[in-house]
Amino acid sequence: QQKVQQSPESLSVPEGGMASFNCTSSDRNFQYFWWYRQHSGEGPKALMSIFSDGDKKEGRFTAHLNKASLHVSLHIRDSQPSDSALYFCAASDLNAYKVIFGKGTHLHVLP
Amino acid sequence: DTTVKQNPRYKLARVGKPVNLICSQTMNHDTMYWYQKKPNQAPKLLLFYYDKILNREADTFEKFQSSRPNNSFCSLYIGSAGLEYSAMYLCASSRDRGAETLYFGSGTRLTVL
C-alpha cells in the first residue's frame, strides 16, 4: 500500500488560475512533508517544506498541513505555463530517516 | 552550488549483464539516496548512505548494491539486469538525514533489452 497518496492524477488550469493538489499520509510516522516539482528532462526540485499545522506561503505557492489527518495541500495562484510539471508530495519518517514519495500530479497550465 | 550529477544520462543493458550507475555531489552532503522511477509510479526508495553506513530497503535488498568511496560519489550496481530493471534511476543528496530537503540529479534512464 502506498504510504503517500496524491490526488488528482492530472489537472488542467487556465493561465492565471488556481491549481490545487492534495496529499495524505497513511502512516502516522510519516508526518513531515515536502512538495517537489519535476519538469520534463530534469530531476525533482524542492518547492517547499511544511512541518507544522496551518499554512505556509512562499510567493505564489501556499501549503497547508493538518497533522491530525496527515493531509497536506498545495495551492498555486496565478498559474503560469512554466508551472506545467509533475508535482510530488514527499513525507519523511524521522525515525527511519526515509523520504517517501507519492505518484505525483501532472499539472497543465493552458495559455 | 546545489549540484548533483548523474552519469550516464541514458544506458542500454542486456538481460543478465551487470549495470553500474554513478552519482556525484559537490555540496559535502552526508546523505545520498537512490530512487527508481517507473512511469505512473511513485519514485521508489532503493537505498541510502548516511556517511559510510548503507541502508537498503527490505524489498530490494538483494537486487541492488551500492558503494560510496568518498563523500562526493555514490554508485548503484545491478549484478544481473532483468527486464524489470528498466526505469529512471534518480540520485539525490541531503545535508543530513531525516527532515531534510533532497537535491536530485537529472537521472539515468536504464533500458534493459
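Below or above, wherever it landed, is the structure these notes cover. From a predicted model like this one, the values you see are computed outputs, not experimental measurements.

## A look at unusual backbone geometry
The peptide bond linking Ser7 of chain A to Pro8 of chain A adopts the cis configuration, its omega dihedral lying at -10 degrees. Here Pro8 of chain A lies in the loop between strand 1 (4–7) and strand 2 (10–14). Cis peptide bonds are those with omega within 30 degrees of zero, and the linkage from Asn7 of chain B to Pro8 of chain B qualifies with -10 degrees. As for its placement among the helices and strands, Pro8 of chain B is situated in the loop between strand 1 (4–7) and strand 2 (10–13). Positive phi, normally seen in glycine, also occurs at Asp78 of chain A, with a value near 50 degrees. Summarising the element assignment, Asp78 of chain A is placed in the loop between strand 8 (71–76) and strand 9 (85–93). The backbone phi angle of Asn40 of chain B is positive, close to 60 degrees, even though this residue is not glycine. When you line up the elements, Asn40 of chain B lands in the loop between strand 4 (31–37) and strand 5 (44–50). A relative accessible area of 64% means that Asn40 of chain B is categorised as exposed.

## Quick notes on the side chain of His29 of chain B
On the secondary structure map, His29 of chain B appears in the loop between strand 3 (19–25) and strand 4. Among all residues touching His29 of chain B, those that are not within four sequence positions of it are Arg68, Asn71, Ser93, Ser94, Arg95 and Tyr103 of chain B.

## Let's talk about the interface of chain A and chain B
Between chain A and chain B, the residue contacts involve 19 residues of the former and 21 residues of the latter. Where chain A abuts chain B, roughly 1700 Å² becomes buried across the two surfaces, and 63% of that area is made up of carbon and sulfur atoms. Here chain A is connected to chain B by one salt bridge. Here chain A and chain B share five residue pairs in polar contact (both at pLDDT 80 or more) between them. At the level of secondary structure, the elements contributing two or more residues to the side of chain A that touches chain B comprise strand 4 (30–38), strand 9 and strand 10 (98–101) of chain A. Tallying contributions element by element places strand 10 of chain A first for the side of chain A that touches chain B, with three residues. Partitioning the side of chain A that touches chain B into residue classes produces eleven nonpolar, five polar and three charged.

## A short note on the packing of aromatic side chains
Aromatic ring pairs: the centre-centre distance and the angle between the two ring planes describe each pair. The full count for this structure, using the stated rule, is 14 aromatic pairs over all chains. The interplanar angle of 75 degrees and the centroid separation of 5.8 Å between the aromatic rings of Phe101 of chain A and Phe104 of chain B together place this pair among those described as edge-to-face. Here the residue Phe101 of chain A occupies a position in strand 10, and Phe104 of chain B occupies one in strand 10 (residues 103–104), the pair thus bridging two chains. The burial state of Phe101 of chain A is the same as that of Phe104 of chain B; both residues are buried. Ring pairing ties together the aromatic residues Tyr36, Phe88 and Phe101 of chain A together with Tyr33, Tyr35, Phe48 and Phe104 of chain B, which thus form one cluster.

What counts and what doesn't
Residues numbered from 1 in each chain as written. Chains lettered and ligands numbered in written order. Predicted model: local features only at pLDDT ≥ 70, side-chain atom pairs only at ≥ 80, totals over all residues. Heavy atoms only, no water. Helix = DSSP H or I, 4+ residues; strand = E, 2+ residues; numbered from the N terminus. Buried < 20%, exposed > 50% of the residue type's maximum accessible area, 1.4 Å probe, protein only. Contact = heavy atoms within 4.5 Å. Buried area = accessible area lost by both parts, 1.4 Å probe. Salt bridge = Lys/Arg side-chain N within 4 Å of Asp/Glu carboxyl O. Polar contact = N/O pair within 3.5 Å; in protein donor to acceptor, adjacent residues only side chain to side chain. Nonpolar A, V, L, I, M, F, W, Y, C, P; charged D, E, K, R; others polar. Phe/Tyr/Trp six-rings, centres within 6.5 Å; stacked < 30°, edge-to-face > 60°.

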